[in-house]
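Given next are the chains, with one letter for each unit.
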Amino acid sequence: ATADMDQVKVWDVKTGREIFSTATKGDVTALAFSPDNQYLIAGTWHGNMFIWKTGDFKIYAGGNVHQEKIVGLGFTADGKKVITASEDSTIKAT
């Protein structure tokens, strides 16, 4: 997966073909896949987080989780929670 400004794109690594592209509310600052590759998460400059199911790339969840830019995110090892870190000096588990 790649991000450029407010665009998230997912590529097939075998063919190099783009398989998903979408715009987000705010520039994307972090991306991560779940441990089982079933979900993709993105964090933005405005503190928003988006989660897509990778099977159909429909939005699974999302919303504002921080007051400032998300600077890092990832799933817990069991894939049940998302951890986000922000320039607002907070770390959250959702």
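None of these values were measured; they are calculated from a predicted model.

(A) Quick peek at the sheet that holds strand β3 (residues 18–23). Across the sheet, 3 strands lie side by side as β1-β2-β3; this open sheet has antiparallel pairing. Only two strands of the sheet have a single neighbouring strand rather than two, namely β1 (2–4) and β3. The mean inter-strand angle of the sheet, taken between neighbouring strand axes irrespective of direction, is 20 degrees. For β1 and strand β2 (residues 7–11), the ladder comprises 3 bridges, and the chain directions are antiparallel.

(B) Fine view of the pairing of strand β7 (residues 59–64). Burial of β7 is sparse: only 0 of the 6 residues sit out of reach of the surface. Strand direction decides the pairing type here: strand β6 (residues 48–53) and β7, joined by 5 bridges, are antiparallel. Bridging across to β7, N48 finds its partner in N64. Hairpin connection between β6 and β7: a loop of 5 residues separates the two successive antiparallel strands, and F57 in this loop has a positive phi of roughly 55 degrees.

(C) Highlighting the pattern of salt bridges. Within this structure, the stated rule accounts for 2 salt bridges. The residue K9 makes a salt bridge to E18 at a minimum N-O spacing of 3.7 Å. The class of K9 is partly exposed, set by a relative accessible area of 28%. A salt bridge links K69 to E87; the shortest N-O distance between them is 3.4 Å. Placement of the pair is K69 in the loop between β7 and β8 (70–75) and E87 in the loop between β9 (82–86) and β10 (91–93), with a sequence separation of 18 residues.

About the criteria used
Residues numbered from 1 in each chain as written. Predicted model: local features only at pLDDT ≥ 70, side-chain atom pairs only at ≥ 80, totals over all residues. Heavy atoms only, no water. Pairing = 2+ DSSP bridges. Helix = DSSP H or I, 4+ residues; strand = E, 2+ residues; numbered from the N terminus. Axes fitted to C-alpha atoms, helices over the stretch in contact; angles between N-to-C directions. Buried < 20%, exposed > 50% of the residue type's maximum accessible area, 1.4 Å probe, protein only. Salt bridge = Lys/Arg side-chain N within 4 Å of Asp/Glu carboxyl O.

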